[in-house]
Amino acid sequence: MIRKFALLAAIVGFAAVSSFAPRPAEAQGTQQGWFQTGTGLGVSKVRVAVPDFASRSTGAQPLEKTFHDVLWSDLEYCGIIDLVSPSFYPTRVPSQQSELSAQEWTAAPANAYMVAYGNLTVSGTSLAAAGFLSDVRNPSSPPAVQKVYRGDATDADARRLAHQFADDIIAVLSGGLPGIAQTQIAYESRRSGYTEIWVMDYDGANQHQVTHLRSISLTPRWSPDATRIAFTCFAPYGRATSAEICIYSVASNHQIAFPRYRGTNSSPAWSPDGSQIAFMASLAGYPEVYVANADGSHLHRITFAAGVSTSPAWNPKTGNQIAFISDRDGTLALYMANSDGTNTQKIPLPDMEYVADPAWSPNGQLLAFSWRRPAGNYDLYVMDIVSHELVQLTRDEARNERPSWAPDGRHIVFESTRTGTRQVWSMLADGSQARQLTFEGQNGSPNWSQR
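These remarks concern the structure in this document. All values reported here derive from a predicted model rather than from experimental measurement.

With that settled, consider helix 2 (residues 61-76). Counted at 1.5 Å a residue, the expected span for helix 2 with its 16 residues is 22 Å, and the 23 Å between its end C-alpha atoms agrees. Of all the positions in helix 2, only L63, E64, T66, F67, H68, V70, L71, W72, D74 and L75 are classed as buried. Contacts from the buried residues of helix 2 go to strand 2 (54-55), strand 3 (81-83), strand 4 (114-123), strand 5 (126-135) and helix 4 (155-173).

Right under this line is the structure:
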């Protein structure tokens, strides 16, 4: 039980070390073998107050609610912040640093460590948000964040500026690890009548279709620089239609040419530097894992076994390991090999049943996957790849599959049928605070962009 608690704590607190130097009495935080948990402020979560921003002009008033709602939601879901209830706030709310009374915010009932505040101004068609983050326990220190965010005076840009401010706050409190408010999630959806690739903001906003092949498009995977999406497409070629690897450029909104190989090709995965793609191909008969350059050249096979080998996932930290699924021993199981195909090893699990969808955490030390155990349902698990300790993240009667890690290592997106239809959900990496992101049609196979 102690070991399992330690693993859960490590997952939630991945790289959550504050850039603030803790005072001696507060120098807490649990040191695990891989990384430190906590915030460096003596608590696992920092108490942050986020009062409404002051509207410096009439045109800013309707945008302030959008800005504040988005900022609050981003901070509430980041995993390292405990938001102070607005009912505990002092009556005087600051709009700039000179108006901040630190003592009022540190006193009960607020008991805040930090205050995020500021003001919005609209001038013509331009919006400016002046944001501050102050450590009210150290009132003599300068603001940890002091920045003016600029955009158009639109609801969309009010959202964007709030995301930027949230990410800057989270970066400070996590010791430089960026927040995820500006990341995106790619997924497959049937809501247009065909299975196409769609993209949405990390919180489910701005859902839009990006491919229009009017066929079947599956398993989207972002390139590390978030400029391209590799996916499995079923596109006609001559007189045949088969599964192939397709690449879509988000920057140019066009499909990029990729060679068509004989047989079935699916489940692409980018190398950490974006220079190569691993995928399943049946060129030699059995579906095996192959690796090619990002343009499809220099194709070479890295698995050699009778049976199916598929769903490659590249270790984002080392770039030298690929996890994959294979039934070479009669049951679908987890395997790992070097990226050149050497040193193939089976990853032991306590009981063997259906295993799928391996996904590495950003630090390359945890592996998430879907596992249907003999007496259970399809649930998500996380394994410490060194000790092989396991933590079960989902426990319900639904199918929970296709996990993908956020770049902060504190969140996972996945697909689930817990509401009756296949939808995209996200949660903290300890399995808590699950959020449904899609509601219309059938949606699944999500993949979180790395920036």
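Under the counting rule described, the total for this entry stands at twelve aromatic pairs. With centroids separated by 5.3 Å and ring planes inclined at 15°, the aromatic side chains of Y117 and F132 adopt a geometry described as stacked. Of the two residues, Y117 is situated in strand 4 and F132 in strand 5; the sequence distance between them amounts to 15 residues. Their ring planes at 80° and their centres at 6.2 Å tell us that F258 and F279 sit as a pair that is edge-to-face. Remark: F279 occurs in strand 15 (residues 276-281) and F258 occurs in the loop between strand 13 (254-256) and strand 14 (265-270); sequence separation between them is 21 residues. Per residue, the accessibility class of F258 equals that of F279, and both read buried. Aromatic ring contacts, followed pair by pair, group F53, F67, Y149 and F165 into a single cluster.

By the element assignment, D74 lies in helix 2. Buried D74, no salt bridge; nearest opposite-charge side chain is R435, N-O distance 6.4 Å. Here H163 takes part through its side chain, which lies 2.6 Å from a polar atom of the side chain of D74. Discounting chain neighbours no more than four positions away, the residues touching D74 are A162, H163, A166, I170, A181 and Y202.

With that out of the way, let us pick up the pattern of salt bridges. On inspection of all chains with the given rule, the structure shows 17 salt bridges. A salt bridge links K147 to D168, with the shortest nitrogen-to-oxygen separation between them at 3.5 Å. A residue pair is termed long-range when its members are at least 10 positions apart, and K147 in strand 6 (residues 145-152) and D168 in helix 4 qualify at 21 residues. Taking the relative accessible area as the measure of exposure, K147 reaches 42% and is therefore partly exposed. With its nearest N and O atoms 3.9 Å apart, the salt bridge here joins R228 to D225. Here D225 falls in the partly exposed class, since its relative accessible area comes to 32%. A single salt-bridge network, built from bridges that share partners, covers R159, D201 and D203.

Here we take up unusual backbone geometry. Following A108, the chain continues to P109 via a peptide bond in cis, the omega torsion being 5°. Inspection of the secondary structure assignment puts P109 in the loop between helix 3 (102-106) and strand 4. Phi is positive for N253, which is not a glycine, with a value near 60°. Among the structural elements, N253 can be located in the loop between strand 12 (240-249) and strand 13. For N253, a relative accessible area of 52% gives the class exposed. Positive phi, close to 60°, is recorded for D357, a residue that is not glycine. Position of D357 relative to the elements: it lies in strand 22 (residues 354-360). You can call D357 buried: its relative accessible area is 12%.

On to helix 4. Taking 1.5 Å per residue as the helical rise, helix 4 with its 19 residues ought to reach 27 Å, and the 27 Å between its terminal C-alpha atoms agrees with that figure. Counted residue by residue, helix 4 has 15 buried out of 19 residues, so it is predominantly covered. Within two residues after helix 4, G175 carries a phi angle of roughly 75°, on the positive side.

The next thing to look at is the environment of R373. In this fold, R373 is placed in the loop between strand 23 (366-372) and strand 24 (378-384). Judged by its relative accessible area of 26%, R373 is partly exposed. Look past the residues within four positions of R373 in its chain and what remains in contact with it is P350, D351, E353 and Y381. Side chain to side chain, R373 and D351 meet in a polar contact 2.7 Å long.

Further remarks concern the layout of surface pockets. Any empty space left between the atoms is revealed when a probe the size of a water molecule rolls over them. Taken as a whole, the largest pocket spans an internal volume of roughly 1100 Å³. Along the walls of the largest pocket sit 46 residues, with R221, P312, A313, P358 and N447 positioned nearest its centre. Mapped by element, the contributors of at least two residues to the lining of the largest pocket are strand 10 (216-222), strand 11 (228-237), strand 14, strand 18 (309-314), strand 22, strand 26 (400-405) and strand 30 (443-448). When residues in the lining of the largest pocket are grouped by element, the largest group, six residues, is from strand 22. Split by residue class, the lining of the largest pocket holds 25 nonpolar, 13 polar and eight charged.

Pairing between the strands of a sheet is mediated by backbone hydrogen bonds and can be parallel or antiparallel. Taken in spatial order, the four strands make up an open sheet running 26-27-28-29, and their pairing is antiparallel. If you trace the sheet from one side to the other, it starts and ends with strand 26 and strand 29 (435-436), each paired once. In this structure, strand 26 lies alongside strand 27 (residues 411-416), joined through four bridges in antiparallel fashion. Residue pairing across strands places E401 opposite E415, the latter belonging to strand 27.

For the structure on display, the rule yields one disulfide. The residue that forms a disulfide with C233 is C246, at a sulfur-sulfur distance of 1.9 Å. Between C233 and C246, the disulfide has an S-S torsion of 60° and is therefore right-handed. A residue pair is termed long-range when its members are at least 10 positions apart, and C233 in strand 11 and C246 in strand 12 qualify at 13 residues. Residue classification places C246 among the buried residues on the basis of a relative accessible area of 6%.

Procedures and definitions
- Residues numbered from 1 in each chain as written.
- Predicted model: local features only at pLDDT ≥ 70, side-chain atom pairs only at ≥ 80, totals over all residues.
- Heavy atoms only, no water.
- Helix = DSSP H or I, 4+ residues; strand = E, 2+ residues; numbered from the N terminus.
- Expected span 1.5 Å × (residues − 1).
- Buried < 20%, exposed > 50% of the residue type's maximum accessible area, 1.4 Å probe, protein only.
- Contact = heavy atoms within 4.5 Å.
- Phe/Tyr/Trp six-rings, centres within 6.5 Å; stacked < 30°, edge-to-face > 60°.
- Lys, Arg positive; Asp, Glu negative; His and termini not counted.
- Salt bridge = Lys/Arg side-chain N within 4 Å of Asp/Glu carboxyl O.
- Polar contact = N/O pair within 3.5 Å; in protein donor to acceptor, adjacent residues only side chain to side chain.
- 1 Å grid on protein atoms, 1.4 Å probe; cavity = no way out; pocket = protein on both sides within 12 Å on 5 of 7 lines; lining within 4 Å.
- Points joined across faces, edges and corners; volume = space filled by probe spheres on them.
- Nonpolar A, V, L, I, M, F, W, Y, C, P; charged D, E, K, R; others polar.
- Pairing = 2+ DSSP bridges.
- Disulfide = S-S within 2.5 Å.

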